[in-house]
Each structure stands twice: as structure tokens, then as C-alpha cells.
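Close look at the chain arrangement
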Amino acid sequence: MHRVQIEGGEVFAFPSEEDTLLRAALRAGVGLPHECSVGGCGACRFDLLDGEMERFWPEAPGLSERDRKRGKFLACQSRPLSDCTVKLRCADEYRPVIPPRQRTALLEARRMLTPDMAEFTLRVPGGAAFLPGQYALLYPPGATGARAYSMSNLPNEDGIWQFIIRRVPNGRGSGALFEALAPGDTLPFDGPYGHAYLREEAPREIVCVAGGSGLAPMLGIARAALSAPSPRHVHFFDGARTVRDLCGGDQLAGLAGPRLAYLPVLSAPDDSWTGTKGFVHEAVARTLPAPLEQYEFYFAGPPPMIEALQTLLMVQHRVSYSQIHFDRFL
Ligand SMILES: Cc1cc2nc3c(=O)[nH]c(=O)nc-3n(C[C@H](O)[C@H](O)[C@H](O)COP(=O)(O)OP(=O)(O)OC[C@H]3O[C@@H](n4cnc5c(N)ncnc54)[C@H](O)[C@@H]3O)c2cc1C
Ligand code: FES
């Protein structure tokens, strides 16, 4: 057990069985800044002022060359080897509503939804307490480190966590989840994580924008919003390349009704497609009936889609940052 002091702030314990500084801080209820939890974004950068720290992935893209020269660390890719003092700015918005827990998950089922996306159903002891839109960390067999995957179902007491995972060409983690695991197998699991969850209290109509497997958290958010008694509408944009890559409509079929507007948008359709074409953020700009600052926005998917939406909303339409919630699938 090591003692971690945040300069000018909280102190927390790092138990010997813990894996990273970030996860220990969040389990202790400390609001340590983070976004992806897997070394990609740099949100969890910190300076080590005193003590010894082990780095798991020195080349992690979350650190720039300048950061590396300055000796910075990523809290999601490092672990104290002694009592330490670290410098970073904690914030209440990062304090976990539901502290993450490490457990072992059982793969109950895997069902193909498109040629390269499958729904994975995991059963995890101790229930499925999470906020719609959050993600969990899975440790695929044979891959180094964890992979983040967003829940597509609703929280429940049965311990069922569902994910929609795309098999990335040559991807070590996603490849192992499709090939090295079979129903009945177990794998290490940690969660929940993430801040792009449904704000139940926000009064505005909801816009969900999914790019590819970004569908998973958007389904969770739409399912939760539409099953709540509030009259809020959900405008759901499902971005995919071709019609074979679309599955959001089937997933949302049970929720169809006057409160749901579902729009599939294809970026590379064949000639038979008569629906909306182009990039999904362009459809958002063209289609929503009211000025954009009147909505609460949720989106998930590849980084270029996230950047295009940030520019559209924050730069071109001055939508407040507090109305924008997203996960970049790094
Ligand atoms: C918040 C979040 C939510 C996501 N949700 C989903 C989802 O719902 N569905 C989905 O299909 N995808 C999702 N992703 C993407 C997913 O986490 C993986 O990036 C994707 O499946 C590719 O992983 P791979 O192992 O196949 O590819 P690879 O290219 O082999 O690995 C890429 C991933 O592995 C990590 N990594 C690579 N090398 C190392 C190393 N040496 N040590 C530690 N980590 C390493 C990277 O940070 C990156 O996350 C999400 C990503 C994020 C950040
Ligand atoms: S949270 Fe650590 S790099 Fe993204």
C-alpha cells in the first residue's frame, strides 16, 4: 500500500493489488481528470514531484514528444512504486458517480449485427450499476493493456453488461474478443468509467449522433431517455458507411414512437440507397428543426467525426460546452 499525495489537495491510498494511478484514484472517489482511460487522449497527464513511478506504455499517444521530454506521466498508464507526490488539477466533474470496480466477467453470448460488429453480452457478479453512455474496460486475452467499450443496454440488477464491438482490421484487442474468446469464457473487467452519460436533469430535447460502433453508448442513452416518463424527444443520427453496416434501426425498433426520430446517414452508399447521404455531422446541421443551442448533444465515434461535431456546435453555433457530451473512440 502506497500513499499518494496530490500537491495542495487530496491524499489517497494505492493498494498493492491496484493496476493504475487513475483507477486507484477513482475507486477512492478522487476527481482525477481523464477521458479515455487507455493512454490515447492525454487528459490524465501529471507531473511527479516526489517518489517513484512505473510507466506501462512509454510510447502512449496521450503524451506528446514535449511531454515526454518534460518527464510527464499518464495516470492511466502508470503505477506508484513508493509513496508519491503528484501535481495535477482535480475537478468535481471527474469524481465518479459510481466508483469503478474490478471483477471477472463471463461472456454469455456474442451475436453478429453487421459484417464486422457484434453484440457481446457479459454477466458480471455484483450487478450492472452504471450511467447510460458510460464505458467499461475489458482485458482481451493476449492483448497488452485494457480496451474501452461502451455499454449499449440499461443498468440492471442481473449483472448483464452489453456492448457493441467492431472488429478493427489487425486490431489486437478487438480481434481477440472475436477469435480467442467463446461463450462460457471469462475475462477481467473494470468499470464503469466515463463522463458522456445521460444528464437526466437536463430539460432540453436530446440529440444522439453515432459514428460506426459509437452506436453502443448512443443506444444506451436513447433507451434510458425514452423509457423515462419525461416528454423529451430523441433525435438519433446513425452514421455508417454502407447499408450493410447499419443496425441502429433494428436495435431501436422496440422504442419507435412519436418521441424518437431515427435518421440513418450513409457516407459510402451504393446507387440503390435513397436515404440521407454524406457525413453524419452534415446531416445534424441540415436536419434538426430548432436552433442547435436548444438541444443537449451526445456523440461517440471516430475522432474526425467528434472534431467535426465540436466545430459545428461550439465554433459555428456557439452551443454551450455544458450541453455537449462525447467519447472519442481512440
Ligand atoms: C471511451 C471509449 C469507448 C469506446 N467504446 C467502444 C465501443 O463501444 N465499441 C467499439 O467497437 N470500440 C470502442 N472503443 C474503441 C476500442 O476501445 C478500441 O480502441 C478498438 O476496439 C481497437 O482496439 P484493438 O485492440 O482492436 O486495436 P489496437 O490498434 O490493437 O489497439 C488500440 C487500443 O489499444 C490500446 N493500446 C495499444 N497498445 C497498447 C499498449 N502497449 N499498452 C496499453 N494499451 C495499448 C490503445 O490505447 C487503444 O485503445 C472505445 C474507445 C474509447 C476510448
Ligand atoms: S485518460 Fe489517460 S490518456 Fe486518456
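Right, let's walk through the structure included here. Small disclaimer: the values here were computed from a predicted structure and weren't measured. (Residues numbered from 1 in each chain as written. Chains lettered and ligands numbered in written order. Predicted model: local features only at pLDDT ≥ 70, side-chain atom pairs only at ≥ 80, totals over all residues. Heavy atoms only, no water.)

Comments concerning the environment of Met112
Quick reminder of the rule: Each helix is a run of H or I in the DSSP string that is no shorter than four residues. Each strand is a run of E no shorter than two, and both are numbered from the N terminus. Per-residue accessibility, obtained with a 1.4 Å probe over protein chains only, is compared with the maximum for each type, and a residue is labelled buried under 20%, exposed over 50%, and partly exposed between these values.
Mapping Met112 onto the fold places it in strand β8 (residues 101-112). Here Met112 falls in the partly exposed class, since its relative accessible area comes to 46%. Measuring from C-alpha to C-alpha, the distance between Met112 and Leu312 comes to 33 Å, with 200 residues separating the pair along the chain.

What to know about the pattern of salt bridges
Threshold: Salt bridges are identified by distance alone: a Lys or Arg side-chain nitrogen within 4 Å of an Asp or Glu carboxyl oxygen.
Taken as a whole and assessed by the stated rule, the structure comprises 15 salt bridges. The salt bridge partner of Glu65 is Arg68, with a shortest N-O separation of 3.4 Å. Of this pair, Glu65 and Arg68 are both found in helix α2 (residues 65-69), three residues apart, which corresponds to roughly one turn of the helix. You can call Glu65 exposed: its relative accessible area is 52%. For Glu179, the salt bridge goes to Arg167, with nearest N and O atoms at 2.7 Å. Within this pair, whereas Glu179 is found in helix α3 (residues 172-179), its partner Arg167 is found in the loop between β12 (160-166) and α3, the two being separated by twelve residues in sequence. The class for Glu179 is exposed, based on a relative accessible area of 60%. The class of Arg167 is partly exposed, set by a relative accessible area of 33%.

Section: the nonpolar core
How we decide: To define a nonpolar core, start from buried Ala, Val, Leu, Ile, Met, Phe, Trp, Tyr and Cys residues and group those joined through side-chain atoms within 4.5 Å. Source of the domain bounds: an automatic or database domain assignment. Throughout, a contact is declared for two residues whenever any of their heavy atoms are within 4.5 Å.
Phe12, Leu21, Leu32, Phe46, Met53, Ala75 and Val86 are the most contacted members of the largest nonpolar core, which has 29 residues in total. For this core, the elements supplying multiple residues, two or more each, are β1 (2-6), β2 (11-14), α1 (21-27), β5 (73-74), β7 (84-87) and β10 (135-138). The two domains that each donate at least three residues to this core are domain 1 (2-94) and domain 2 (101-193). Among residues more than four places away in sequence, those in contact with Val86 are Val4, Gln5, Ile6, Glu7, Phe46, Asp47, Leu48, Leu49 and Met53. Judged by nonpolar contacts, the second largest core, of 23 residues, contains Cys208, Leu215, Ala225 and Phe236.

Focus: α3
An α-helix turns once per 3.6 residues; consequently, residues spaced three or four apart project the same way. With respect to burial, α3 is a largely interior element, six of its eight residues being buried. Considered for burial, the residues of α3 that qualify are Gly173, Ser174, Gly175, Ala176, Leu177 and Phe178. Contacts from the buried residues of α3 go to β8, β9 (117-123), β10, β11 (147-150), β12 and β13 (186-193).

Quick notes on the packing of aromatic side chains
Applicable threshold: Ring pairs shown here join Phe, Tyr and Trp side chains whose ring centres sit within 6.5 Å, with only the six-membered ring taken for Trp; geometry is labelled stacked below 30 degrees between planes, edge-to-face above 60, and tilted in between. The rule for a charge over a ring is simple: NZ of Lys or CZ of Arg within 6 Å of the ring centre, and within 35 degrees of the ring normal.
Inspection of the entire model under this criterion finds eight aromatic pairs. Ring centres of Phe120 and Phe178 lie 5.3 Å apart, and the angle between their planes is 80°; this geometry places the pair in the edge-to-face category. Note that Phe120 is positioned in strand β9 and Phe178 in helix α3, a separation of 58 residues in sequence. One exposure class covers both Phe120 and Phe178, and it is buried. Plain terms: the ring middles of Tyr295 and Phe297 are 6.1 Å apart, the flat faces sit at 70° to each other, and that makes the pair edge-to-face. Phe297 shares its class with Tyr295; the two are buried. Above the plane of the ring of Phe73 lies Arg55, whose end atom (NZ or CZ) is 3.9 Å from the centre.

Quick notes on the site of ligand 1
Selection rule: Put simply, a residue is near a molecule or strand once any heavy atom of it comes within 4 Å of that molecule or strand. Throughout this description, a polar contact denotes any pair of N or O atoms lying within 3.5 Å of each other; where both atoms belong to protein, one of them has to be capable of donating a hydrogen while the other can accept it, and for residues adjacent in sequence the pair is counted only when both atoms sit in side chains.
Neighbouring ligand 1 are 24 residues, the closest being Val38, Arg147, Ala148, Gly173 and Ser174. Here Ser174 contributes a side-chain N or O atom positioned 2.5 Å from an oxygen atom of ligand 1. Put simply, the parts of the chain that give the shell around ligand 1 at least two residues each are β11, β12, α3 and β19 (324-328). Ranked by residue count, the leading element in the shell around ligand 1 is β11, at four residues.

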